[in-house]
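As a plain string of letters, each chain reads:
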Amino acid sequence: MSEHLTSSYDIIIVGGGPIGLACALEAKQANLNYLILEKGCLVNSLYNYPQNMTFFSSSERLEIGDIPFVTTNPKPKRTEALEYYRRIQQKFELDTHLFEEVLDIQRNGDANFNVKTSKRSYVTKKVIIATGFYDIPMLLNIPGEKLDKVRHYYNDPHYYSGQKVIVVGASNSSIDAALETFRKGAQVTLVIRGNEISPRVKYWVKPDIENRIAAGEIDVLYNSQLTSVTETSASIQTPTGIVEIENDFVLALTGYRPNFDFLRKIGVNIPEQAPCIPCHNEQTMETNITGLYLAGVVCGGLNTHLWFIENSRIHAKQIIEHIRSTSI
(Lines give C-alpha, C1' and ligand atoms only; values in the text may rest on other atoms or scores of the structure.)
Protein backbone atom coordinates (compact mmCIF):
# COMPACT_ATOMS: atom_id res chain seq x y z
CA MET A 1 0.00 0.00 0.00
CA SER A 2 1.43 3.37 -1.01
CA GLU A 3 1.22 6.36 1.32
CA HIS A 4 -0.17 9.72 0.19
CA LEU A 5 -0.39 13.15 1.72
CA THR A 6 -3.23 13.42 4.23
CA SER A 7 -6.35 15.26 3.08
CA SER A 8 -8.74 17.10 5.42
CA TYR A 9 -12.54 17.23 5.35
CA ASP A 10 -15.51 18.44 7.37
CA ILE A 11 -17.24 15.07 6.91
CA ILE A 12 -16.18 11.66 5.67
CA ILE A 13 -19.01 9.33 4.71
CA VAL A 14 -18.17 5.63 4.84
CA GLY A 15 -20.37 3.82 2.32
CA GLY A 16 -21.45 4.84 -1.17
CA GLY A 17 -24.95 3.37 -1.11
CA PRO A 18 -28.22 5.32 -1.41
CA ILE A 19 -28.05 6.62 2.17
CA GLY A 20 -24.39 7.56 1.84
CA LEU A 21 -25.29 9.49 -1.30
CA ALA A 22 -28.21 11.14 0.53
CA CYS A 23 -25.82 12.27 3.28
CA ALA A 24 -23.46 13.70 0.66
CA LEU A 25 -26.31 15.63 -0.97
CA GLU A 26 -27.25 17.15 2.38
CA ALA A 27 -23.62 17.99 3.16
CA LYS A 28 -23.16 19.60 -0.26
CA GLN A 29 -26.30 21.69 0.21
CA ALA A 30 -24.96 22.82 3.59
CA ASN A 31 -21.65 23.85 1.96
CA LEU A 32 -19.71 21.31 4.01
CA ASN A 33 -16.52 19.77 2.66
CA TYR A 34 -17.24 16.03 2.43
CA LEU A 35 -15.94 12.82 0.88
CA ILE A 36 -17.63 9.45 0.27
CA LEU A 37 -15.42 6.39 0.70
CA GLU A 38 -16.76 3.16 -0.81
CA LYS A 39 -14.89 -0.15 -0.74
CA GLY A 40 -16.55 -1.39 -3.94
CA CYS A 41 -18.41 0.11 -6.86
CA LEU A 42 -21.03 2.82 -6.54
CA VAL A 43 -24.05 1.53 -4.56
CA ASN A 44 -22.08 -1.68 -4.13
CA SER A 45 -24.75 -3.55 -2.16
CA LEU A 46 -27.40 -2.92 -4.81
CA TYR A 47 -24.94 -4.03 -7.50
CA ASN A 48 -24.57 -7.36 -5.68
CA TYR A 49 -28.32 -7.94 -5.48
CA PRO A 50 -29.70 -10.64 -7.83
CA GLN A 51 -29.79 -9.46 -11.45
CA ASN A 52 -33.55 -9.83 -11.79
CA MET A 53 -34.51 -8.35 -8.41
CA THR A 54 -37.60 -6.17 -8.15
CA PHE A 55 -37.85 -3.79 -5.20
CA PHE A 56 -40.72 -4.07 -2.74
CA SER A 57 -41.04 -0.28 -2.67
CA SER A 58 -42.37 2.01 -5.36
CA SER A 59 -39.82 4.25 -7.10
CA GLU A 60 -40.81 7.46 -5.31
CA ARG A 61 -39.95 5.88 -1.96
CA LEU A 62 -36.42 5.20 -3.16
CA GLU A 63 -35.80 8.79 -4.23
CA ILE A 64 -33.11 10.92 -2.61
CA GLY A 65 -32.39 14.62 -2.91
CA ASP A 66 -35.91 15.32 -4.20
CA ILE A 67 -34.86 13.94 -7.59
CA PRO A 68 -37.65 11.95 -9.31
CA PHE A 69 -37.02 8.24 -9.89
CA VAL A 70 -38.92 7.59 -13.12
CA THR A 71 -39.88 4.08 -14.18
CA THR A 72 -42.69 2.58 -16.22
CA ASN A 73 -42.82 -0.47 -13.93
CA PRO A 74 -45.08 -0.66 -10.85
CA LYS A 75 -41.97 -1.51 -8.84
CA PRO A 76 -38.45 -0.58 -9.98
CA LYS A 77 -35.85 -3.20 -10.81
CA ARG A 78 -32.24 -3.45 -9.70
CA THR A 79 -30.88 -2.17 -13.02
CA GLU A 80 -33.11 0.91 -12.85
CA ALA A 81 -31.99 1.67 -9.29
CA LEU A 82 -28.33 1.38 -10.29
CA GLU A 83 -28.90 3.85 -13.12
CA TYR A 84 -30.87 6.25 -10.91
CA TYR A 85 -28.23 6.47 -8.19
CA ARG A 86 -25.39 6.64 -10.72
CA ARG A 87 -27.02 9.62 -12.40
CA ILE A 88 -27.50 11.36 -9.07
CA GLN A 89 -23.83 10.89 -8.23
CA GLN A 90 -22.81 12.26 -11.62
CA LYS A 91 -25.35 15.10 -11.83
CA PHE A 92 -24.36 16.54 -8.45
CA GLU A 93 -20.69 15.65 -8.91
CA LEU A 94 -20.61 14.04 -5.48
CA ASP A 95 -17.02 13.64 -4.30
CA THR A 96 -16.65 9.87 -4.22
CA HIS A 97 -13.66 7.54 -3.97
CA LEU A 98 -14.62 4.04 -5.15
CA PHE A 99 -12.76 0.80 -4.44
CA GLU A 100 -11.17 2.38 -1.38
CA GLU A 101 -11.87 0.44 1.81
CA VAL A 102 -11.83 2.14 5.20
CA LEU A 103 -9.58 0.14 7.51
CA ASP A 104 -9.63 2.20 10.70
CA ILE A 105 -11.06 5.37 12.24
CA GLN A 106 -9.49 6.84 15.35
CA ARG A 107 -9.61 10.09 17.29
CA ASN A 108 -6.48 12.22 17.13
CA GLY A 109 -5.27 14.70 19.71
CA ASP A 110 -7.20 17.73 18.44
CA ALA A 111 -10.63 16.02 18.51
CA ASN A 112 -10.62 15.30 14.77
CA PHE A 113 -10.64 11.80 13.31
CA ASN A 114 -7.88 10.02 11.45
CA VAL A 115 -9.36 7.79 8.74
CA LYS A 116 -7.08 5.16 7.27
CA THR A 117 -8.05 3.43 4.03
CA SER A 118 -6.54 0.86 1.69
CA LYS A 119 -5.03 3.73 -0.33
CA ARG A 120 -4.31 6.72 1.91
CA SER A 121 -5.15 8.60 5.11
CA TYR A 122 -7.50 11.50 5.85
CA VAL A 123 -8.34 13.88 8.66
CA THR A 124 -11.97 14.81 9.21
CA LYS A 125 -14.06 16.63 11.79
CA LYS A 126 -17.05 14.29 11.53
CA VAL A 127 -17.67 10.74 10.31
CA ILE A 128 -20.87 9.15 9.03
CA ILE A 129 -21.00 5.33 8.84
CA ALA A 130 -23.52 4.24 6.19
CA THR A 131 -22.19 0.77 5.43
CA GLY A 132 -25.38 -1.29 5.38
CA PHE A 133 -25.48 -4.98 6.34
CA TYR A 134 -24.96 -6.97 3.12
CA ASP A 135 -21.29 -7.77 3.65
CA ILE A 136 -21.37 -10.66 6.12
CA PRO A 137 -23.76 -13.62 5.69
CA MET A 138 -25.39 -15.35 8.65
CA LEU A 139 -23.73 -18.76 8.57
CA LEU A 140 -25.44 -22.10 9.18
CA ASN A 141 -22.36 -23.42 11.00
CA ILE A 142 -22.78 -26.95 9.69
CA PRO A 143 -20.34 -29.50 8.21
CA GLY A 144 -19.81 -28.88 4.50
CA GLU A 145 -20.78 -25.21 4.56
CA LYS A 146 -17.40 -24.24 3.12
CA LEU A 147 -17.90 -26.36 0.01
CA ASP A 148 -18.04 -24.35 -3.22
CA LYS A 149 -21.55 -25.65 -3.89
CA VAL A 150 -22.88 -23.76 -0.85
CA ARG A 151 -23.65 -20.15 -1.74
CA HIS A 152 -24.70 -17.33 0.59
CA TYR A 153 -25.32 -14.94 -2.29
CA TYR A 154 -27.52 -15.52 -5.31
CA ASN A 155 -27.27 -13.78 -8.66
CA ASP A 156 -28.43 -15.40 -11.91
CA PRO A 157 -30.90 -18.34 -12.04
CA HIS A 158 -29.57 -19.65 -15.38
CA TYR A 159 -26.49 -20.97 -13.58
CA TYR A 160 -28.64 -23.55 -11.77
CA SER A 161 -30.51 -24.88 -14.82
CA GLY A 162 -30.98 -28.66 -14.61
CA GLN A 163 -29.50 -28.84 -11.10
CA LYS A 164 -30.86 -30.13 -7.80
CA VAL A 165 -31.00 -27.00 -5.67
CA ILE A 166 -31.78 -26.60 -1.97
CA VAL A 167 -32.84 -23.09 -0.98
CA VAL A 168 -32.66 -22.35 2.75
CA GLY A 169 -34.96 -19.67 4.13
CA ALA A 170 -38.47 -18.28 3.85
CA SER A 171 -37.86 -14.57 3.19
CA ASN A 172 -37.90 -12.54 -0.02
CA SER A 173 -34.40 -13.48 -1.19
CA SER A 174 -35.01 -17.20 -0.65
CA ILE A 175 -38.42 -17.24 -2.28
CA ASP A 176 -37.23 -15.22 -5.28
CA ALA A 177 -34.31 -17.64 -5.74
CA ALA A 178 -36.59 -20.69 -5.46
CA LEU A 179 -39.04 -19.39 -8.05
CA GLU A 180 -36.42 -18.13 -10.48
CA THR A 181 -34.26 -21.25 -10.42
CA PHE A 182 -37.37 -23.43 -10.75
CA ARG A 183 -38.37 -21.50 -13.87
CA LYS A 184 -34.91 -22.08 -15.33
CA GLY A 185 -35.28 -25.83 -14.93
CA ALA A 186 -33.84 -26.51 -11.49
CA GLN A 187 -35.30 -29.14 -9.17
CA VAL A 188 -35.91 -27.03 -6.08
CA THR A 189 -36.37 -27.98 -2.43
CA LEU A 190 -37.13 -25.25 0.09
CA VAL A 191 -35.90 -25.84 3.65
CA ILE A 192 -37.72 -23.60 6.12
CA ARG A 193 -37.06 -23.41 9.85
CA GLY A 194 -40.63 -22.28 10.64
CA ASN A 195 -44.02 -23.56 9.60
CA GLU A 196 -44.84 -21.08 6.83
CA ILE A 197 -43.58 -18.73 4.16
CA SER A 198 -42.62 -15.43 5.79
CA PRO A 199 -45.52 -12.94 5.88
CA ARG A 200 -42.99 -10.26 4.80
CA VAL A 201 -42.57 -11.88 1.37
CA LYS A 202 -43.62 -9.47 -1.41
CA TYR A 203 -47.38 -9.60 -1.73
CA TRP A 204 -47.32 -10.39 -5.46
CA VAL A 205 -44.77 -13.19 -4.96
CA LYS A 206 -46.32 -15.01 -2.00
CA PRO A 207 -49.28 -16.50 -3.94
CA ASP A 208 -46.87 -17.63 -6.66
CA ILE A 209 -44.67 -19.67 -4.33
CA GLU A 210 -47.69 -21.07 -2.47
CA ASN A 211 -49.21 -22.21 -5.77
CA ARG A 212 -45.95 -23.82 -6.91
CA ILE A 213 -45.75 -25.70 -3.62
CA ALA A 214 -49.41 -26.77 -3.81
CA ALA A 215 -48.88 -28.04 -7.37
CA GLY A 216 -45.88 -30.09 -6.25
CA GLU A 217 -43.55 -28.16 -8.57
CA ILE A 218 -41.37 -26.97 -5.70
CA ASP A 219 -40.77 -29.23 -2.71
CA VAL A 220 -40.80 -27.74 0.79
CA LEU A 221 -39.73 -29.03 4.19
CA TYR A 222 -41.22 -26.94 7.01
CA ASN A 223 -39.96 -26.97 10.60
CA SER A 224 -36.68 -28.29 9.21
CA GLN A 225 -32.98 -27.44 9.25
CA LEU A 226 -30.04 -28.32 7.07
CA THR A 227 -27.58 -30.30 9.20
CA SER A 228 -24.73 -31.16 6.81
CA VAL A 229 -23.70 -30.98 3.16
CA THR A 230 -21.47 -33.20 1.03
CA GLU A 231 -20.40 -32.90 -2.61
CA THR A 232 -23.38 -35.02 -3.73
CA SER A 233 -26.04 -34.76 -1.03
CA ALA A 234 -27.45 -32.84 1.93
CA SER A 235 -28.93 -33.96 5.25
CA ILE A 236 -31.96 -32.23 6.70
CA GLN A 237 -33.46 -32.55 10.17
CA THR A 238 -37.24 -32.76 9.72
CA PRO A 239 -40.05 -33.33 12.26
CA THR A 240 -39.99 -37.02 11.30
CA GLY A 241 -36.20 -37.44 11.42
CA ILE A 242 -33.12 -36.93 9.25
CA VAL A 243 -33.71 -36.90 5.50
CA GLU A 244 -30.82 -37.15 3.01
CA ILE A 245 -31.39 -35.97 -0.54
CA GLU A 246 -29.24 -35.74 -3.66
CA ASN A 247 -28.03 -32.22 -4.16
CA ASP A 248 -25.90 -30.14 -6.52
CA PHE A 249 -26.13 -26.66 -4.94
CA VAL A 250 -27.27 -25.09 -1.69
CA LEU A 251 -28.44 -21.47 -1.64
CA ALA A 252 -28.25 -20.59 2.06
CA LEU A 253 -29.98 -17.21 1.88
CA THR A 254 -30.44 -16.89 5.61
CA GLY A 255 -29.71 -13.19 5.96
CA TYR A 256 -26.79 -10.88 6.56
CA ARG A 257 -25.46 -8.68 9.33
CA PRO A 258 -23.49 -5.45 9.73
CA ASN A 259 -19.76 -5.56 10.28
CA PHE A 260 -19.91 -5.47 14.08
CA ASP A 261 -16.17 -6.16 14.37
CA PHE A 262 -15.34 -2.98 12.47
CA LEU A 263 -17.80 -0.88 14.46
CA ARG A 264 -16.40 -2.19 17.75
CA LYS A 265 -12.85 -1.64 16.51
CA ILE A 266 -13.52 2.07 15.98
CA GLY A 267 -15.17 2.36 19.42
CA VAL A 268 -18.91 2.11 18.82
CA ASN A 269 -20.67 0.42 21.74
CA ILE A 270 -22.68 -2.62 20.66
CA PRO A 271 -24.47 -4.97 23.08
CA GLU A 272 -23.31 -8.57 22.90
CA GLN A 273 -26.88 -9.88 23.03
CA ALA A 274 -29.24 -9.79 20.05
CA PRO A 275 -30.35 -7.66 18.30
CA CYS A 276 -26.95 -5.98 18.81
CA ILE A 277 -28.19 -2.50 17.91
CA PRO A 278 -25.22 -0.11 17.87
CA CYS A 279 -25.38 2.73 20.40
CA HIS A 280 -26.77 5.90 18.81
CA ASN A 281 -29.11 8.80 19.52
CA GLU A 282 -32.27 8.29 17.47
CA GLN A 283 -32.81 12.05 17.09
CA THR A 284 -29.30 12.98 15.96
CA MET A 285 -27.93 9.54 14.88
CA GLU A 286 -24.73 10.30 16.81
CA THR A 287 -23.05 7.31 18.44
CA ASN A 288 -21.38 7.13 21.84
CA ILE A 289 -18.40 8.72 20.05
CA THR A 290 -18.94 12.47 19.69
CA GLY A 291 -18.86 13.41 16.02
CA LEU A 292 -19.34 9.88 14.68
CA TYR A 293 -22.78 9.07 13.27
CA LEU A 294 -24.68 6.07 11.91
CA ALA A 295 -27.06 6.23 8.93
CA GLY A 296 -29.27 3.70 7.20
CA VAL A 297 -29.77 0.01 7.81
CA VAL A 298 -26.63 -0.38 9.94
CA CYS A 299 -28.60 1.30 12.77
CA GLY A 300 -30.79 -1.78 13.20
CA GLY A 301 -28.08 -4.27 14.12
CA LEU A 302 -29.42 -7.78 13.54
CA ASN A 303 -32.92 -6.36 13.00
CA THR A 304 -32.17 -5.88 9.32
CA HIS A 305 -35.86 -5.52 8.50
CA LEU A 306 -36.20 -2.28 10.51
CA TRP A 307 -34.49 0.15 8.15
CA PHE A 308 -34.69 0.41 4.38
CA ILE A 309 -33.85 3.11 1.87
CA GLU A 310 -37.34 4.58 2.09
CA ASN A 311 -37.50 5.06 5.86
CA SER A 312 -33.84 5.82 6.57
CA ARG A 313 -33.40 8.64 4.05
CA ILE A 314 -34.36 10.97 6.89
CA HIS A 315 -31.12 10.08 8.69
CA ALA A 316 -29.19 12.27 6.25
CA LYS A 317 -31.15 15.38 7.22
CA GLN A 318 -31.01 14.54 10.92
CA ILE A 319 -27.25 14.15 10.86
CA ILE A 320 -26.42 17.23 8.81
CA GLU A 321 -28.81 19.37 10.87
CA HIS A 322 -27.08 18.21 14.05
CA ILE A 323 -23.64 18.84 12.58
CA ARG A 324 -24.66 22.34 11.52
CA SER A 325 -26.01 23.02 15.00
CA THR A 326 -22.63 22.18 16.53
CA SER A 327 -19.33 23.86 15.83
CA ILE A 328 -17.55 22.41 12.85
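Each remark here, short or long, concerns the structure printed above.
In this text the structure is predicted, and so the values were computed from the model without any measurement.

Cut-offs applied
Residues numbered from 1 in each chain as written. Predicted model: local features only at pLDDT ≥ 70, side-chain atom pairs only at ≥ 80, totals over all residues. Heavy atoms only, no water. Helix = DSSP H or I, 4+ residues; strand = E, 2+ residues; numbered from the N terminus. Rg over C-alpha atoms; globule rule 2.2 N^0.38 Å. Areas by Shrake-Rupley, 256 points an atom, 1.4 Å probe, with all protein chains shown as cover. Lys, Arg positive; Asp, Glu negative; His and termini not counted. Charge placed at Lys NZ, Arg CZ, Asp CG, Glu CD. Axes fitted to C-alpha atoms, helices over the stretch in contact; angles between N-to-C directions. Parallel < 35°, antiparallel > 145°, perpendicular 65-115°, else oblique. Left-handed = near helix turned anticlockwise from the far one by under 90°. Contact = heavy atoms within 4.5 Å. Nonpolar A, V, L, I, M, F, W, Y, C, P; charged D, E, K, R; others polar. 1 Å grid on protein atoms, 1.4 Å probe; cavity = no way out; pocket = protein on both sides within 12 Å on 5 of 7 lines; lining within 4 Å. Points joined across faces, edges and corners; volume = space filled by probe spheres on them. Expected span 1.5 Å × (residues − 1). Buried < 20%, exposed > 50% of the residue type's maximum accessible area, 1.4 Å probe, protein only. Disulfide = S-S within 2.5 Å. Phe/Tyr/Trp six-rings, centres within 6.5 Å; stacked < 30°, edge-to-face > 60°. Lys NZ or Arg CZ within 6 Å of the ring centre and 35° of its normal.

Participant: Which residues make up the overall build of the protein chain, and what values go with them?
Facilitator: Summing up its helical and strand segments, the protein chain has eight helices and 17 strands in all. Its C-alpha atoms give the protein chain a radius of gyration of 22 Å, within 12% of the compact-globule value 20 Å for 328 residues. Entry remark: accessible area of the protein chain is about 15,800 Å², with carbon and sulfur atoms responsible for 49%. When the 32 positive and 36 negative side-chain charges of the protein chain are each reduced to one mean point, those points stand 2 Å apart.

Participant: Pulling in residues and values, what's your account of the packing of helix α4 (residues 172-183) against helix α5 (residues 206-214)?
Facilitator: Packing of α4 against α5 leaves a shortest axis separation of 10 Å and a crossing angle of 55°. Considering their axes alone, α4 and α5 lie oblique with respect to each other. Along this stretch, α4 crosses α5, giving a crossing that reads as left-handed. Between α4 and α5, the contacting residues are Ile-175, Ala-178, Leu-179, Phe-182 and Arg-183 on the first element and Asp-208, Ile-209 and Arg-212 on the second. Looking at the contact of α4 with α5 residue by residue, the class counts come to five nonpolar, no polar and three charged.

Participant: Could you give an account of the layout of surface pockets, with specific residues and numbers?
Facilitator: Taken as a whole, the second largest pocket holds about 330 Å³ of empty space. Looking at the second largest pocket, it is lined by 14 residues, and the ones nearest its centre are Glu-26, Ile-64, Gly-65, Asp-66 and Lys-317. Of all the elements in the fold, those that place two or more residues in the lining of the second largest pocket are α1 (18-29) and α8 (314-325). Class assignment for the residues of the lining of the second largest pocket results in six nonpolar, two polar and six charged.

Participant: Tell me what's going on with α1, and back it up with residues and numbers.
Facilitator: Along its twelve residues, α1 runs 17 Å from first to last C-alpha, staying within 8% of the 16 Å computed at 1.5 Å per residue. Counting buried positions along α1 gives ten out of twelve residues, so the element sits mostly inside the fold. Directly beyond the C-terminal end of α1, a positive phi value near 60° is found at Asn-31.

Participant: Describe the state of the cysteines, and please don't skip the residues or the numbers.
Facilitator: In this structure the tally under the stated criterion is zero disulfides. Looking at the unpaired Cys-279, the closest cysteine sulfur is the one in Cys-299, lying at 11 Å. Taking the relative accessible area as the measure of exposure, Cys-279 reaches 34% and is therefore partly exposed. Sulfur of Cys-299: no disulfide; nearest cysteine sulfur belongs to Cys-23 and is 9.5 Å away.

Participant: Outline the packing of aromatic side chains, supporting the account with residue identities and numerical values.
Facilitator: All told, the structure shown has 15 aromatic pairs when counted by the stated rule. Aromatic pair Phe-56 and Tyr-203: ring centres 6.2 Å apart, planes at 85°, arrangement edge-to-face. Pair noted here: Phe-56 is in the loop between α2 (44-47) and α3 (78-91) and Tyr-203 is in the loop between β10 (187-191) and α5, with a separation of 147 residues, a long-range link. A residue is classified by how much of its surface remains accessible, and Phe-56, at 42% relative accessible area, is partly exposed. The structure contains a cluster of three or more aromatic residues connected by ring pairs, namely Tyr-49, Phe-55, Tyr-134, Tyr-153 and Tyr-256. Here Lys-75 stacks its cationic end above the ring of Phe-56, 5.9 Å away from the centre of that ring. The ring centre of Tyr-47 lies 5.4 Å from the NZ or CZ of Arg-78, which sits over that ring.

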